[in-house]
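Here are the chains, one letter per residue:
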Amino acid sequence: MRIFYFFLFLFSISLFSQEKDTSSVKSIKADISLYKIYNLKKDTIVVDTSLTIADEYKYNYLRKDNFGLLPFANEGFLYTQLDFSKKKTFIFPQFGFHAKQVAYLDVNEISYYSVPTPLTDIYFKTVMRQGQSLDALLSLNTQKNLNFTVAYKAIRSVGDYFNSLTSSGHFRFTTSYFAPNKKYFLNAHFVGQDILNQESGGIKDVSQFESNEPSFKQRERLDVYFDNASSKLKGNRFFIDHNYKLKDSNSLVFKHQAFYEYKFYEFLQPTPSSRLGVPDNGASINNKTRFDVFYNKVGVSFLTKKIGELNFFIDNYVYNQFYVTNSLTAIALNLPNNLHSRVNTVGAQYDFFHSKWKFNILAQNAFTDRKTSNFEVTAKYNWNVFSSIEIKAQQNSKLPDNIYLFAQSSYDKYNWSNSFKNEKESSLKVLATTKWLNLSAQYSLYNDKLYFYNDYEKIDTLYVSPKQYAKSIQYYNVEISKEFKFKKFGLDNRIKFQDVKQDDKVVNVPSVITRNTLYYTDHVFRKAMLIQTGLTFNYFSKYYADDYNPILGDFFVQRQTKIGGFPMLDFFVNARVRQVRIYLKAEHFNALFGDRNYYNTPNYPYRDFKVRFGLEWNFFK
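Residues numbered from 1 in each chain as written. Predicted model: local features only at pLDDT ≥ 70, side-chain atom pairs only at ≥ 80, totals over all residues. Heavy atoms only, no water.

A. Summary view of the overall build of the chain. On a plain count of helices and strands, the chain comes out with 5 helices and 35 strands. In the chain, which comprises 621 residues, the proportion classed as buried is 52%. Of the accessible surface of the chain, which amounts to about 29,900 Å², a share of 58% is contributed by carbon and sulfur atoms. Charge-centre separation for the chain: the mean point of 79 positive side chains lies 7 Å from the mean point of 58 negative side chains. (Helix = DSSP H or I, 4+ residues; strand = E, 2+ residues; numbered from the N terminus. Buried < 20%, exposed > 50% of the residue type's maximum accessible area, 1.4 Å probe, protein only. Areas by Shrake-Rupley, 256 points an atom, 1.4 Å probe, with all protein chains shown as cover. Lys, Arg positive; Asp, Glu negative; His and termini not counted. Charge placed at Lys NZ, Arg CZ, Asp CG, Glu CD.)

B. Fine view of the pattern of salt bridges. Taken as a whole and assessed by the stated rule, the structure comprises 33 salt bridges. Between Glu376 and Lys392 there is a salt bridge; the shortest N-O distance is 3.7 Å. With Glu376 in strand E17 (residues 373-382) and Lys392 in strand E18 (residues 388-398), this pair connects stretches of sequence that are 16 residues apart. We classify Lys392 as partly exposed; its relative accessible area is 24%. Taken together, the shared-partner salt bridges connect Asp55, Arg63, Asp121, Asp135, Arg172, Arg581 and Glu616 into one network. (Salt bridge = Lys/Arg side-chain N within 4 Å of Asp/Glu carboxyl O.)

C. Spotlight on empty space enclosed by the protein. The full count for this structure, using the stated rule, is 5 cavities of 30 Å³ or more. What the largest cavity holds in volume is close to 510 Å³. Lining the largest cavity are 31 residues; nearest its centre among them are Asn66, Pro71, Asn538, Asp570 and Tyr606. If you list the elements that add at least two residues to the lining of the largest cavity, you get helix H2 (53-58), strand E3 (69-71), strand E27 (512-524), strand E28 (529-540), strand E31 (568-577) and strand E32 (580-587). In terms of residue count, E28 provides more of the lining of the largest cavity than any other element does, 4 residues in total. (1 Å grid on protein atoms, 1.4 Å probe; cavity = no way out; pocket = protein on both sides within 12 Å on 5 of 7 lines; lining within 4 Å. Points joined across faces, edges and corners; volume = space filled by probe spheres on them.)

D. How the structure looks around the sheet that holds strand E5 (residues 112-114). Sheet architecture is open: 3 strands sit in the order E2-E1-E5, paired in antiparallel fashion. Sheet topology places strand E2 (44-46) and E5 at the edges, where each strand pairs with a single neighbour. Sheet twist, expressed as the mean angle between neighbouring strand axes with direction ignored, is 25 degrees. Of the strand pairs in this sheet, strand E1 (residues 36-38) and E2 are connected by 3 bridges, and their pairing is antiparallel. Each bridged residue has a counterpart across the sheet, and for Tyr38 the counterpart in E2 is Thr44. (Pairing = 2+ DSSP bridges. Axes fitted to C-alpha atoms, helices over the stretch in contact; angles between N-to-C directions.)

E. A look at the environment of Leu268. Along the chain, Leu268 turns up in strand E12 (residues 251-269). On the basis of relative accessibility, which here comes to 26%, the residue Leu268 falls in the partly exposed class. The contacts of Leu268, once residues within four sequence positions are left out, are Asn228, Ala229, Ser230, Ile285 and Asn286. (Contact = heavy atoms within 4.5 Å.)

F. Region of the structure containing the side chain of Gln193. One can find Gln193 in strand E10 (residues 184-199). Polar side-chain contacts of Gln193 include one of 2.9 Å to the side chain of His170. Filtering out sequence-adjacent residues up to four positions away, Gln193 remains in contact with Ala103, Tyr104, Leu105, Gly169, His170, Leu233, Lys234, Gly235, Asn236 and Arg237. (Polar contact = N/O pair within 3.5 Å; in protein donor to acceptor, adjacent residues only side chain to side chain.)

G. Region of interest: the packing of aromatic side chains. Tallied over the entire structure, the rule returns 47 aromatic pairs. Seen from their ring centres, Tyr323 and Phe406 are 5.3 Å apart, and the 85 degrees between their planes marks the pair as edge-to-face. Of the two residues, Tyr323 sits in strand E14 (residues 308-323) while Phe406 sits in strand E19 (residues 406-407), which places them 83 residues apart along the sequence. Across the pair, Phe406 and Tyr323 agree in class, each one buried. Plain terms: the ring middles of Tyr404 and Phe452 are 4.8 Å apart, the flat faces sit at 20 degrees to each other, and that makes the pair stacked. Of this pair, Tyr404 sits in helix H5 (residues 402-405) while Phe452 is found in strand E23 (residues 449-454), placing the two residues 48 residues apart along the sequence. Accessibility assignment for this pair places Tyr404 and Phe452 in one class, buried. An aromatic cluster of at least three residues, connected via ring pairs, comprises Phe92, Phe95, Phe97, Phe259, Tyr265, Phe291, Tyr295, Tyr317 and Tyr319. One residue, Lys413, lies across the ring of Tyr463, its end atom 5.1 Å from the ring centre. It is Lys482 that lies over the ring of Phe484; its NZ or CZ is 5.8 Å from the centre. (Phe/Tyr/Trp six-rings, centres within 6.5 Å; stacked < 30°, edge-to-face > 60°. Lys NZ or Arg CZ within 6 Å of the ring centre and 35° of its normal.)

Structure follows, in structure tokens:
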């Protein structure tokens, strides 16, 4: 947090000095299309200050459309994954704790900027009870070919329930450069992130939540499982991606990408709980694990205007994870407290662009003892600016994440050392965009699926351990979206159908997820302000939602309690004045008069009625 205040202080000094400067300076006005944001794949968007329904959907802690993600009661805590197709997949082993990493910014989620004049982006939003959510960014080009961007996102929210505080910070520093002759390109970043959560374990007695007793309307009065437990995920990453081409056209291009990342997860509980097992030393719980990764990828490609780009590469993924927990159970069982390994793969990628066609083929396979592979084929055809169709086929064999292979804890039930097979996935996806509607469909086949399961099968006792499903799982989904407009009214619709074919309930999803928004847009005050107001309806069907375990920082399969089948109605009034967008929302207002049967998991309630507001503000000079 001190780093953010330091940059804010420097920025305020610069503003003050500019205000006192009496010299004549020529005003610079640049076209908005020159303010660009891009990622490592060179997908580029222009900074947009308009007010659309898409902006309403992206105005949240993640700052992206979270359709298919159901946020927990406190902002910045967790998200129930309703849309199974949104789960991230990495062919290299990760250290686990997946539920905590929805807000964690990965390599491909960092943006780079190119701006003709300094750009400032500020996001602010109120939270639950006490605290605030803030994301501030400053980007500038010291030269046309050199950009620096510094940003910090932070949240602190006390929450409505006892022991449910969230506090996190995400510092980003990025730079991009290209040589004047445009033969050398570089993107680099440093990211420092920490996500702290108090862990309540959910409410003990759901009848307290569902009752009409006035005392329980103060949610901090509800009994929770853990009074003083907390978890923390922390990570730092240094990243560089650069390439050099010999000639302007029909040239060899030499590429290099590397990063070093350190991650750390801990679960602290001064007073042990019998719900999680027996503490092996009888004292407080202090589980800590560290994960270090060093990745290098080098390649050479042949780039032409006629046949596209053919790239050959080799990479090296070295990782080490160890527990610093003093676990007597692990010592008695002679379990390892360290997992160190290396994975090397070799691959080829072909990108082809011609007229309205775009093709991409990727083949990657490990040549070390730890085998992993990935094969992708993508074809896209653009009829025009508004219509396109894309087909993608993928098959991969993924190494198990470390959390499934070994774990140590002061709780005796959370110590294990396993040997699992690779997870296999084959999928086919189709995405069609037309002026009539947008349609996407997916079919996926999973083999040797890894998951967590509560062996005790009761919510008041969590003896969760990793399992591997020996049979096949088939997953289907179809999504349809369309926005209708009539004069100043709009109706935006998005609905997703999901189905799973399996002998046992391992992958559980709601069969229907829908979001429908009816809104009105108009200019007021002699067109000085644009107003957008409307009503959003969210719904998902009943299903056996995965429950949450704070020791593992992950969800586990449960087959006892269904949740869902409740509507969520939001009323919003948004406005735009020049580069300022103002947001006001009454969230889940039907909770005031409906049944209290709304949950994220069997014992974590969804949000009550809240009125929240905030803004987004862009400065271009």
